Amino acid sequence: MEATAQRAAPLRGIKVLDLSRVLAGPLAGQVLGDLGADVVKVERPGQGDDTRSWGPPYLHNASGEHRDAAAYFLCANRNKRSVTIDMAQPEGQALIRQLAMEADVVLENFKLGGLARYGLDAPSLLALNPRLVYCSITGFGQDGPYAARAGYDFLIQGMGGLMSVTGAAEGEPGAGPQKVGVALTDVMTGLYAAIAIQAALAERARSGLGQHVDLALLDVQIAGLANQASNYLAGGVLPGRMGNSHPNIVPYQDFPTADGDMILAIGNDGQFARFCAVAGYPEWARDERFATNPQRVANRVVLIRQMRQVTITRDTADWIAALEAAGVPCGPINRIDQVFADPHVQARGLRIEVAHPTLGAVPLVANPMRLAASPVAYRLAPPTLGQHTDEVLREWLRLDEEQLAGLRQRAIL
């Protein structure tokens, strides 16, 4: 088969003005940058994005200094150029408005109304640039009784129902509400924002007009409940915490082994029968209590107890080798170091390095999108604070050296 011809990056030529900070907004900007957009991150002079100092851990340069290189910041800010502008000053606000007139997209995650006092809210900028796609990310959206509240991932995981279905079951050791180990609501919101922005750009190609995109963490979290929400809406049954068990599929959870734990993700009756054969109990697949998934769900407690008595007799590696050979979905429970040491993860290139102006080679996680003809490109490492201020203002606004020096003298940059 002939190699697919390389084409231009999907979002090449799209200019994104990223006014966001922390995680959800910056992650959306990074996705757009990975896809080829020119993403300009506007930050506060002298301080920048809050996450620049959210450490340790930090990456250090050859002299042992870390400055603004917290690992948290590095995870969501590659393929961007950093510009420092003092938004609190009228002249800084005017500069950002000029940048917005050149942009295709503005991305922000200020509290509701937070940018209106600067004349940088959606109505103000859309009036100046009707082709603009203006994406706002807030905790609770642009309307509704909670709209003015601040929203944080942990808070939203609780309010949005995720913590009611995450954690050990009632009566088990460690039972109680539990958040997910990463800021999952922020991550999902960033991804939804990137999708919505691209949809708005596609619509603009037809209509010639931009629009305001309203993303709320709470909305995204509720949408992210997926089958758990559907189980409640369709069946009227209130889901609860089940640890690593699945509400609709059995067996689909962790099991103890002789040297640790493994996961079985058995999704149909054929896979269950093959597991039973490997385990040495083929009769389980013929037992009327366990023969079909609905029967296994109804008799979950009895089946899981019997399975646990068997799985603990063999090492994890032995089980995985035998079950994979039989076509039974299974796997280990890896630490993150084991994840990056996994030969398949290495073959897929999920750890990348990008050259940084002061830190050398910066290790990052690859974008998981694989586009055969227009692949993701890692053009820029996460920037140092204000690294590209002069470059962007010359390029986007055609400012000269005298104008830049004057702005810097007046502490606007």
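Bear in mind the structure is a predicted one, so any value in this text is a computation, not a measurement.

1. Considerations on the packing of aromatic side chains
Then, in step 1: According to the stated counting rule, one finds four aromatic pairs in the structure shown.
Then, in step 2: Ring geometry for Phe-275 against Trp-319: centres 6.1 Å apart, planes inclined by 25°, an arrangement best described as stacked. Linking Phe-275 in helix α9 (residues 269–279) with Trp-319 in helix α12 (residues 316–325), this pair joins segments that are 44 residues apart in sequence. When sorted by exposure, Phe-275 lands in the same class as Trp-319, which is buried.
Then, in step 3: Positioned over the ring face of Trp-396 is Lys-15, at 5.0 Å from the centre of the ring.

2. So, the domain arrangement of the protein
Then, in step 1: Taken domain by domain, the protein consists of domain 1 (15–224 + 350–410) and domain 2 (261–332).
Then, in step 2: For domain 1 and domain 2, the distance between their C-alpha centres works out to 44 Å.

3. Things to note about the packing of helix α1 (residues 24–34) against helix α6 (residues 184–207)
Then, in step 1: α6 packs onto α1 with a crossing angle of 45° between their chain directions and a minimal axis gap of 7 Å. The orientation of α1 with respect to α6, classified from their angle, is oblique. You can see that α1 and α6 cross each other, and the crossing is right-handed. Residues Ala-24, Leu-27, Ala-28, Val-31 and Leu-32 of α1 touch α6, and the partners they reach there are Asp-186, Val-187, Thr-189, Gly-190, Leu-191, Ala-193, Ala-194, Ile-197 and Gln-198.
Then, in step 2: Residue composition of the contact of α1 with α6, by class: ten nonpolar, three polar and one charged.

4. Digging into the sheet that holds strand β5 (residues 133–138)
Then, in step 1: Strand order in the open sheet made by the six strands is β3-β2-β1-β4-β5-β6, with parallel pairing throughout. The strands lining the two open edges of the sheet, one partner per strand, are β3 (80–84) and β6 (211–216). Direction aside, neighbouring strands of the sheet carry axes that sit 20° apart on average.
Then, in step 2: Across six bridges, β5 lies against β6 in parallel orientation. Among the inter-strand pairings, Val-133 is bridged to a residue of β6, identified as Gln-211.
Then, in step 3: Each of β1 (15–18), β2 (38–43) and β4 (105–108) touches helix α3 (residues 90–102); the most contacted strand, β1, lies at about 150° to it.

5. As for the packing of α9 against α12
Then, in step 1: At a closest axis distance of 10 Å, the pairing of α9 and α12 adopts a crossing angle of 130°. The angle between the axes of α9 and α12 places the two elements in the oblique class. Crossing angle aside, the handedness with which α9 passes α12 is right-handed. Where α9 approaches α12, its residues Phe-275, Val-278 and Ala-279 are matched on the opposing element by Trp-319, Ala-322 and Leu-323.

6. Description of the pattern of salt bridges
Then, in step 1: All chains considered together, the criterion is met by 18 salt bridges.
Then, in step 2: Asp-18 serves as the salt-bridge partner of Lys-80, at 3.1 Å between the closest nitrogen and oxygen. A residue pair is termed long-range when its members are at least 10 positions apart, and Lys-80 in strand β3 and Asp-18 in strand β1 qualify at 62 residues.
Then, in step 3: Classification of Lys-80 by relative accessible area gives buried; the value is 0%.
Then, in step 4: Overall, Asp-18 belongs to the buried group, its relative accessible area being 0%.

7. Some thoughts on the environment of Ala-103
Then, in step 1: Tracing the backbone shows Ala-103 in the loop between α3 and β4.
Then, in step 2: Residue classification places Ala-103 among the buried positions, given a relative accessible area of 5%.
Then, in step 3: C-alpha of Ala-103 to C-alpha of Asp-38: the two residues are 65 residues apart in sequence and 9.5 Å apart in space.
Then, in step 4: Apart from the residues lying within four places of it in its own chain, the contact partners of Ala-103 are Lys-15, Leu-17, Asn-129, Leu-132 and Trp-396.

What counts, and where the lines are drawn
Here the residue numbers are simple positions, counted from 1 along each chain's written sequence. For this predicted model, a pLDDT threshold of at least 70 governs which residues receive local features, and a threshold of 80 or more governs which side-chain atom pairs are given and counted, while totals over whole chains, interfaces and linings are taken from all residues. Calculation of side-chain values draws on the structure's entire complement of heavy atoms; hydrogens and water are dropped beforehand. Here is the rule: rings of Phe, Tyr and Trp (six-membered ring for Trp) pair when centre to centre is within 6.5 Å. Planes less than 30 degrees apart are stacked, more than 60 are edge-to-face, and the remainder are tilted. Secondary structure elements follow DSSP: runs of H or I no shorter than four residues count as helices, runs of E no shorter than two count as strands, and numbering proceeds from the N terminus. Relative accessibility decides the category of a residue: with a 1.4 Å probe and only protein chains considered, values under 20% of the type maximum give buried, values over 50% give exposed, and everything between is partly exposed. The criterion is that NZ of a Lys, or CZ of an Arg, lies within 6 Å of the ring centre and within 35 degrees of the ring normal, and then a charge sits over that ring. Segment limits for the domains were obtained from an automatic or database-derived domain assignment. A fitted line through C-alpha atoms serves as each axis, taken over the contacting stretch for helices, and the angle formed by two N-to-C directions is quoted from 0 to 180°. With respect to orientation, any angle under 35 degrees is reported as roughly parallel, any angle over 145 as roughly antiparallel, any angle of 65 to 115 as roughly perpendicular, and every other angle as oblique. Here is the rule for handedness: rotate from the far helix to the near one, and if that takes an anticlockwise turn smaller than a right angle the crossing is left-handed, while a clockwise turn gives right-handed. Between two residues, a contact is recorded if the distance between any of their heavy atoms is within 4.5 Å. Gly counts as polar in this scheme, as do all residues outside two lists: the nonpolar Ala, Val, Leu, Ile, Met, Phe, Trp, Tyr, Cys and Pro, and the charged Asp, Glu, Lys and Arg. For two strands to count as paired, DSSP must find a minimum of two bridges between them. Each reported salt bridge corresponds to a side-chain nitrogen of Lys or Arg within 4 Å of a carboxyl oxygen of Asp or Glu.

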